[in-house]
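# Structural overview for review
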Amino acid sequence: MRRVSILGATGSIGQNTIDLIGREPDRFAVAALTGGRNIAQLASDAKALRAEVAVTCHEDLLPDLRYALQGTGIEAAAGDTAIAEAGARPADWVMSSIVGAAGLMPGVAALDQGATLALANKESMVCAGALMKQRARAGGATILPVDSEHSAVFQALIGEDIAAVERVIITASGGAFRDWSPEQMAAATPEQAATHPNWDMGQRITIDSASLFNKAMELIETREFFDIDPARIEAVIHPESMIHAMVGFGDGALMAHVGPPDMRHAIGFALNWPERRALPVERLDFVKLGQFTFREADPARYPALRLAREVMEAGGLSGAVFNAAKETALDGFLDRRIGFLDMARIVEETLVAISASPGHIDAEFTLDNVRAVDHLARQTAAGLMAQQNK
Ligand code: NAD
Ligand code: MG
């Protein structure tokens, strides 16, 4: 039996992971499941999968979780420390699918215990890629990408020589507003931004898809995962979301990864790796699909893409600033304190402000410094938003 834990089990990726694991009860033993406010879901999954422990990040919900698990023998725990402990609980395979920088600590805990970390939480790669890789080496752990584009690149690289890679192209659907004018985007509401043409995902990543902040994060994630020169990493808009990524080699060949927009492929690939096993995803009919189309991912229309390039150029802890400022600006947009297009401006101004003084983005790459700069960026971005609303 393989011991598995799912961090962020109640979310979109978490539920897709549970769908796969639940199909093979004889193959997997569940150590920890973690979630947030949805105690009913967390408890019912913990019971169905016979998990050892269920953890919510909200301490005030511990009594509810305890009540829901009464008489089952399943341990209940709550709070950030308990979430990190869930990552440290002995397991062979850990799904990192918490949303946001909150996924960093439990992910690092899983690396420290030498587990295979299936990484959906791109934020941890964006804010602390160097650290994640170093902790994986030290702990004898493996990090496998779950983001569909990065899983696609990983698969296209199997058996290939990384030195022969000329370019990596990740695709973007373009999100909810791909056909909207800048004026329309400026007036967009959170509800409008939170609908996705192809993928069914959590609210935050769906809005990040519309602003292309998600793709911006993924450019950085590509660089961190595969150690590829940023100049060789491209993004292109592909409205059908069928090609997830393409890897171009020095002989002119492009290996494209094609599949339906169903995260159970990338999750299942990481779950079964290094084997390939059958997965319950749709098989594509190319005649029915008819055509694949592409458009430029224009950095003038999507400043997030330009900012990601600047972050890759600056290096150091600038990814942590970028991510924290983006998370804060997204909160501001969700609370209707700033507009959709203001998000990129807040992130840019935060990067400029924090880069201006030494000792932040050029600080040593430690977990403490990542957390300190993350905190500073959140404060700075919140201050900028408050100023705007005066
Ligand atoms: P989601 O919002 O559906 O779920 C997030 C999960 O994290 C929930 O279980 C929630 O309870 C938990 N959580 C939220 N805040 C937390 C905190 N502070 N501490 C501990 N737990 C917390 O999100 P999702 O769409 O499943 O995305 C999860 C991660 O996977 C994100 O990093 C996202 O970018 C990435 N990802 C998602 C998809 C997708 O298809 N949904 C695709 C690629 C990558
Ligand atoms: Mg993706």
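Placed above this text is the structure.
What you are looking at is a predicted structure, and each value in this text was computed from that prediction instead of being measured.

Let us look at the sheet that holds strand β12 (residues 295-296). Spatially, 5 strands are ordered β11-β10-β8-β9-β12 in an open sheet, and the strand pairing comes out mixed. Whereas interior strands pair on both sides, the edge strands pair on one side only; in this sheet they are β11 (254-258) and β12. Relative to strand β9 (residues 233-237), strand β8 (residues 165-172) runs parallel, the two being bridged by 5 bridges. Bridged to Ala172 within β9 is Ile237.

Within the protein, the magnesium ion (ligand 2) binds to Asp147 (OD), Glu149 (OE) and Glu218 (OE); these donor distances fall in the range 2.1 to 2.2 Å. For the magnesium ion (ligand 2), the single-chain donor residues occur in sequence as D-x1-E-x68-E. Here the two residues Asp147 and Glu149 agree in accessibility, since each one is buried.

Here we take up the packing of helix α7 (residues 148-156) against helix α12 (residues 264-272). Orientation of α7 relative to α12, taken along the N-to-C sense of each, is 50°, at an axis distance of 9 Å. Our classification of the angle between α7 and α12 gives oblique. Helix-helix and strand crossings are classified by hand; for α7 and α12 the assignment is left-handed. Listed contacts from α12 to Ser148, Ser151, Phe154 and Gln155 of α7 are His265, Ala266 and Phe269. Broken down by class, the residue content of the contact of α7 with α12 amounts to 3 nonpolar, 4 polar and no charged.

Here the focus is the sheet that holds strand β3 (residues 53-56). The parallel open sheet is built from 7 strands, whose spatial order is β4-β3-β2-β1-β5-β6-β7. If you trace the sheet from one side to the other, it starts and ends with β4 (75-78) and β7 (142-145), each paired once. For this sheet, the mean angle separating the axes of adjacent strands, direction not counted, is 20°. Of the pairings in the sheet, the one linking strand β1 (residues 2-7) to strand β5 (residues 93-96) comprises 4 bridges and is parallel in character. Within the sheet, the bridge partner assigned to Leu7 lies in β5 and is Ser96. Against the sheet, α12 engages β1, β2 (28-35), β5, β6 (116-119) and β7, with an angle of about 155° to β5.

Attention now goes to a negative patch on the surface. There is a patch of like negative charges on the surface, built from Glu160, Asp161, Glu166 and Asp251. Position of Asp251 among the secondary structure elements: in the loop between β10 (243-249) and β11.

Once that is clear, we can look at the pairing of β5. Neither face of β5 is left uncovered, since the one carrying Trp93 and Met95 and the one carrying Val94 and Ser96 both have all their residues buried. Judged from the 4 bridges that link them, β5 and β6 form a sheet pairing that is parallel. Bridging across to β6, Ser96 finds its partner in Leu119. At this point the chain moves from β5, through helix α5 (residues 104-112), to the parallel β6, and the crossover so formed is right-handed.

The next point concerns the site of ligand 1. Around ligand 1, the structure places 22 residues, and the nearest of them are Thr10, Ser12, Ile13, Glu123 and Gly202. Gly11 has a polar backbone atom sitting 3.2 Å from an oxygen atom of ligand 1. Between Ala120 and ligand 1, the recorded distance is 3.4 Å, taken from a backbone N or O atom to an oxygen atom. Considering ligand 1 on its own, with 820 Å² of exposed area, one finds that the protein chains cover 84% of that surface. Counting residues per element, the ones that place at least two in the shell around ligand 1 are α1 (12-22) and α6 (122-139). A breakdown of the residues in the shell around ligand 1 according to their chemical character gives 10 nonpolar, 9 polar and 3 charged.

Thresholds applied
Residues numbered from 1 in each chain as written. Chains lettered and ligands numbered in written order. Predicted model: local features only at pLDDT ≥ 70, side-chain atom pairs only at ≥ 80, totals over all residues. Heavy atoms only, no water. Pairing = 2+ DSSP bridges. Helix = DSSP H or I, 4+ residues; strand = E, 2+ residues; numbered from the N terminus. Donors = N, O, S within 2.8 Å, 3.2 Å for Na, K, Ca; no water. Buried < 20%, exposed > 50% of the residue type's maximum accessible area, 1.4 Å probe, protein only. Axes fitted to C-alpha atoms, helices over the stretch in contact; angles between N-to-C directions. Parallel < 35°, antiparallel > 145°, perpendicular 65-115°, else oblique. Left-handed = near helix turned anticlockwise from the far one by under 90°. Contact = heavy atoms within 4.5 Å. Nonpolar A, V, L, I, M, F, W, Y, C, P; charged D, E, K, R; others polar. Patch = residues over 30% accessible without salt bridge, like charges linked within 9 Å, V, L, I, M, F, W, Y side chains within 5 Å. Areas by Shrake-Rupley, 256 points an atom, 1.4 Å probe, with all protein chains shown as cover. Salt bridge = Lys/Arg side-chain N within 4 Å of Asp/Glu carboxyl O. Lys, Arg positive; Asp, Glu negative; His and termini not counted. Charge placed at Lys NZ, Arg CZ, Asp CG, Glu CD. Right-handed = clockwise from strand over helix to strand, strands pointing away. Near = heavy atom within 4 Å. Polar contact = N/O pair within 3.5 Å; in protein donor to acceptor, adjacent residues only side chain to side chain.

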